[in-house]
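Notes for the structure review
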Amino acid sequence: MIVFFFLMIALVVVVAAVTLAVIGGGSEAVLPEAEPDRVADGLPEARPVVRADIDALRLPVAPRGYRMAEVDDVLERLAAELAERDARIAQLTAAATPAAPAPEDRVDLTKDDR
């Protein structure tokens, strides 16, 4: 019976210690308040994004992963720049490709005209 009471008291002490550790000891904060994370070196606004910008980008971590708003902003910016580059590449490719000759203007090189 004494062992039972001893175990109950030990259990109450352990639960109280864990509770105080989680709460932070009441009005005193054990750890200072963390400042909100922000992208320290975001993507440049004045020029197109280059590979080095992406390599240097570090997204802030939140308690349950990355901050969704920050990641969404970066992905939207990258998607817009990629779409702009794809359109420019298509425009330059179309300008550089000569127009195909009409079917009647084509010369059949396999025919022997003798």
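One structure accompanies this document, and this report is about it. Bear in mind the structure is a predicted one, so any value in this text is a computation, not a measurement. (Residues numbered from 1 in each chain as written. Predicted model: local features only at pLDDT ≥ 70, side-chain atom pairs only at ≥ 80, totals over all residues. Heavy atoms only, no water.)

Check the secondary structure of the chain and you find 3 helices and 2 strands. Across the chain, helices and strands are ordered from the amino to the carboxyl terminus as α-α-β-β-α. Across the 114 residues that make up the chain, the buried fraction comes to 11%. Partitioning the contacts of the chain with sequence separation of at least 6, the portion at a separation of at least 24 is 49%. Of the roughly 10400 Å² of accessible surface on the chain, 64% is carried by carbon and sulfur atoms. (Helix = DSSP H or I, 4+ residues; strand = E, 2+ residues; numbered from the N terminus. Buried < 20%, exposed > 50% of the residue type's maximum accessible area, 1.4 Å probe, protein only. Contact = heavy atoms within 4.5 Å. Areas by Shrake-Rupley, 256 points an atom, 1.4 Å probe, with all protein chains shown as cover.)

Compared with the 42 Å implied by 1.5 Å per residue over 29 residues, the 41 Å span of helix 3 (residues 68–96) between its first and last C-alpha is a close match. Of all the residues in helix 3, the buried ones are Glu70, Val74, Arg77 and Glu81. (Expected span 1.5 Å × (residues − 1).)

Once that is clear, we can look at a nonpolar patch on the surface. Among the surface-exposed residues, Met1, Phe4, Phe5, Met8, Leu11 and Val15 lie close enough to one another that they form a single nonpolar patch of about 650 Å² accessible area. Relative to the assigned elements, Met8 resides in helix 1 (residues 2–23). (Patch = residues over 30% accessible without salt bridge, like charges linked within 9 Å, V, L, I, M, F, W, Y side chains within 5 Å. Salt bridge = Lys/Arg side-chain N within 4 Å of Asp/Glu carboxyl O.)

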